[in-house]
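Okay, here's what each chain looks like letter by letter:
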Protein chains: 2
Amino acid sequence: MSRRSFHRAPESERRHDLIEATLDCIAEGGLEGATVRQIAIKAGVTAGLIRHYFTSKEHILQEAYRVVIARLTEKAGRVTGDPQERLRAFIIINLTEPVANSRSLSLWASFISRVSVDAELAAIHREGYLNFRDALEELLSEFLAAKGQDASPGRCRALAIAINGLLDGLWLEGCLAGELFEESELVSIALASIEALIGVPIGSPDTDQ
Amino acid sequence: MSRRSFHRAPESERRHDLIEATLDCIAEGGLEGATVRQIAIKAGVTAGLIRHYFTSKEHILQEAYRVVIARLTEKAGRVTGDPQERLRAFIIINLTEPVANSRSLSLWASFISRVSVDAELAAIHREGYLNFRDALEELLSEFLAAKGQDASPGRCRALAIAINGLLDGLWLEGCLAGELFEESELVSIALASIEALIGVPIGSPDTDQ
DNA sequence: GGCGTAATTGTTCAAGCGTATAATAACCGC
DNA sequence: GCGGTTATTATACGCTTGAACAATTACGCC
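Residues numbered from 1 in each chain as written. Chains lettered and ligands numbered in written order. Predicted model: local features only at pLDDT ≥ 70, side-chain atom pairs only at ≥ 80, totals over all residues.

Asks: How would you summarise the overall build of chain A if you had to cite specific residues and measurements?
Replies: Scanning chain A for helices and strands turns up nine helices and zero strands. What you see in chain A, going N to C, is helices and strands ordered as α-α-α-α-α-α-α-α-α. Put simply, 60% of the contacts in chain A that link residues at least 6 apart link residues at least 24 apart. (Helix = DSSP H or I, 4+ residues; strand = E, 2+ residues; numbered from the N terminus. Contact = placed C-beta atoms within 7 Å.)

Asks: Report on the nonpolar core, specifying residues and quantitative values.
Replies: In this structure, Ile163(A), Ala190(A), Ile163(B) and Ala190(B) are the most contacted members of the largest nonpolar core, which totals 122 residues. Ignoring sequence-local partners within four residues, the contact set of Ala190(B) consists of Ile91(B), Leu95(B), Leu166(B), Leu167(B) and Leu170(B). (Core = buried A, V, L, I, M, F, W, Y, C linked by C-beta atoms within 7 Å. Buried ≥ 20, exposed ≤ 12 C-beta atoms within 10 Å, placed from the backbone.)

Asks: Account for the protein's contact with DNA strand D, with residues named and values stated.
Replies: Neighbouring residues of DNA strand D: 27 residues in total, closest Ser5(A), Thr35(A), Gly48(A), Val45(B) and Gly48(B). Those elements that place two or more of their residues in the surface near DNA strand D are α2 (36–43) and α3 (47–53) of chain A together with α3 (47–53) of chain B. Sorting elements by how many residues they give to the surface near DNA strand D places α3(B) first, with four residues. Residue composition of the surface near DNA strand D, grouped by class: eight nonpolar, ten polar and nine charged. (Near = placed C-beta within 6 Å. Nonpolar A, V, L, I, M, F, W, Y, C, P; charged D, E, K, R; others polar.)

Asks: A description of helix α6 (residues 102–115) of chain A should follow, citing residues and the corresponding values.
Replies: When the terminal C-alpha atoms of α6(A) are compared, their 20 Å separation across 14 residues agrees well with the 20 Å that a helix rising 1.5 Å per residue should span. Buried residues dominate α6(A), accounting for eleven of its 14 residues. If you check which residues of α6(A) are buried, you get Leu105(A), Ser106(A), Leu107(A), Trp108(A), Ala109(A), Ser110(A), Phe111(A), Ile112(A), Ser113(A), Arg114(A) and Val115(A). Buried positions along α6(A) lie against α1 (11–33), α4 (57–77), α7 (119–146) and α8 (153–177) of chain A together with α1 (11–33) and α6 (102–115) of chain B. (Expected span 1.5 Å × (residues − 1).)

Asks: So what's going on with the interface of chain B and chain A? Which residues, and what values?
Replies: Of the residues lining the interface, 31 residues belong to chain B; the matching set on chain A comes to 31 residues. Top contributing element to the side of chain B that touches chain A by residue count: helix α8 (residues 153–177) of chain B, with 13 residues. Of the residues in the side of chain B that touches chain A, the class split is 16 nonpolar, eleven polar and four charged.

Asks: Give a description of the protein's contact with DNA strand C that names residues and reports values.
Replies: Around DNA strand C, 27 residues are found, and the nearest of them are Val45(A), Gly48(A), Ser5(B), Thr35(B) and Val36(B). At the level of elements, α3 of chain A together with α2 (36–43) and α3 of chain B are the ones that each hand at least two residues to the surface near DNA strand C. For the surface near DNA strand C, the element with the highest residue contribution is α3(A), accounting for four residues. By residue class, the composition of the surface near DNA strand C is eight nonpolar, ten polar and nine charged.

Asks: Hey, could you go over the relation of the copies chain B and chain A for me, with residue numbers and the actual values?
Replies: Placing chain B over chain A gives an RMSD of 0.1 Å and needs a rotation angle of 180°, together with 0.0 Å of translation along the axis. In the structure described here, the two chain copies are related by an operation that fits a two-fold rotation axis. Taken together, the interface assignments show that 100% of the residues at the interface of chain B recur at the interface of chain A, consistent with an identical surface on both copies. (Least-squares fit on C-alpha atoms with pLDDT ≥ 70 in both.)

Asks: Could you give an account of the domain arrangement of chain A, with specific residues and numbers?
Replies: Residue and element names in this part refer to chain A. Domain boundaries in chain A define domain 1 (8–54) and domain 2 (64–198). Relative placement of domain 1 and domain 2: their C-alpha centres are 29 Å apart. Opposite the seven residues of domain 1 that make contact, domain 2 presents eight residues. The class makeup of the residues in the side of domain 1 that touches domain 2 is five nonpolar, two polar and no charged. (Domains from an automatic or database assignment.)

Asks: Would you mind going over the packing of α8(A) against α8(B) in detail, with residue names and values included?
Replies: Between α8(A) and α8(B), whose axes approach to 6 Å, the crossing angle comes to 110°. When the axes of α8(A) and α8(B) are compared, the pair comes out roughly perpendicular. Contacts between α8(A) and α8(B) involve Ile161(A), Asn164(A), Gly165(A), Leu166(A), Leu167(A), Asp168(A), Gly169(A), Leu170(A), Leu172(A) and Glu173(A) from the first element and Ile161(B), Asn164(B), Gly165(B), Leu166(B), Leu167(B), Asp168(B), Gly169(B), Leu170(B), Leu172(B) and Glu173(B) from the second. Along the lines of polarity and charge, the residues of the contact of α8(A) with α8(B) split into ten nonpolar, six polar and four charged. (Axes fitted to C-alpha atoms, helices over the stretch in contact; angles between N-to-C directions. Parallel < 35°, antiparallel > 145°, perpendicular 65-115°, else oblique.)

Asks: Give me the lowdown on the UniProt feature "DNA-binding region" (unreviewed entry) in chain A, citing residues and values where you can.
Replies: The UniProt feature table records "DNA-binding region" (unreviewed entry) at residues 35–54 of chain A. Along residues 35–54 of chain A one finds 75% helix and 0% strand; the C-alpha atoms at either end are 14 Å apart. (UniProt positions renumbered as here; feature names shortened; annotations may be inferred.)

Asks: Before we move on, can you summarise the environment of Ala160(A) with the specific residues and values?
Replies: Residues and elements named next belong to chain A. Within the fold, Ala160 resides in helix α8. A C-alpha to C-alpha distance of 8.2 Å links Ala160 and Asp134, two positions 26 residues apart in sequence. Setting aside chain neighbours within four positions, we find Ala160 in contact with Arg133, Leu136, Glu137 and Leu140.

Asks: Hey, could you go over unusual backbone geometry for me, with residue numbers and the actual values?
Replies: Residues and elements named next belong to chain A. A cis amide bond, omega 0°, links Glu97 with the succeeding residue Pro98. Within the secondary structure, Pro98 is located in the loop between α5 (83–95) and α6. The backbone of Ser184 shows a phi angle near 60°, a positive value even though the residue is not glycine.

Asks: I'd love a proper account of the environment of Trp171(B), names of residues and values included.
Replies: Residues and elements named next belong to chain B. Take Trp171: it is sitting in helix α8. Overall, the presence of 25 C-beta atoms within 10 Å leaves Trp171 in the buried class. Separated by 16 residues in sequence, Trp171 and Val187 have C-alpha atoms that sit 9.7 Å apart. Beyond its immediate chain neighbours, meaning those up to four positions away, Trp171 contacts Asn94, Leu95 and Ala100.

In structure tokens:
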């Protein structure tokens, strides 16, 4: 009786694969679907290996959550151009693939439901949330200043909270029931709504009537 | 060796208690914390009784989700007064206790993460979501008509999607990190934002400056 | 090209899971 | 009060879980 042959992978690659497998399991079956054995099967290894890289199941879940948050926020943090282009890109990125899809929501909701239980997850969550809102607040501040508008901290804060809420809510609606909306309907509604909130057009020059 | 003495409860009361115990378990420990044994302990009965009232664990979870959705939407469905008062009350109700608190979010997120897995939960979810958005759309339609504004179906739909998103998003922010906001700050932001979206004041007469 | 290291496997363990079922105690009609 | 009905308890079963650990294999190094 011989053993399976196997491949000895570099640590970073193996850790990445295991986290990826974890996310696949969660997306398909929720946190309950992410058992150590199922993750191992998905990654094409045996269950014992997971404990070689992660001290516990909680640990791998925390690392996986870090990846989820990074994916939800990294693209929006790398927008370029003038303030108007950056704000516009920020809005669009958060309401289109790959940020907005049912898999993202499934992963996000699975972890959110554990944030109130696991203190370490709560810390990871808080950091990601504040980063996101701060990024939006700064975008707004620069945009308002560029347009010669009131860019006082109080107004930026209130606008950031409102727009952040709007984006979160539309993201949620789109992820939960994308088929209820026309192609890019949510993006149009978001752009029009945010224009109304700020009181300044943000449409790109050529599509702005 | 004698048995525990027990109380024979009416069916509706017992079912209610078991569902309530289920929600407590989920709020405290997520779906994973809601085991048949844990629910029984919380309800002060033994595990076997749960199977006497519910055909399976899936079944009691579905019934529990119905209760969660009902609580999130029932109050907003019973607003009274003229269109402006109703719209205003609708907004406030959805952003204050008992709709907006961390327990509500914890329950909501736990179930949302299973909506994509369990078809029955998905049906329950969809019904609740559409009811909510339709109620908002009708409120808007009546409000706009009363104000002599454009109340065309297209505009009402777009406004309902935007405002629904905004309310969802602010609800989420408030539930997730209520301590980051001043007292009633979210309600103020919501009212001001929705006024900007609609283009008509909705503040109550005495607080409307 | 043989050796040492450690990544990976395979197996085992106790605990907890959802479910099934027989025994029992509470309540209702008479 | 008594007997029948059934809500409720108590126990058991088979399975899966996270974890632990010894055996084994792949690979870097000299």
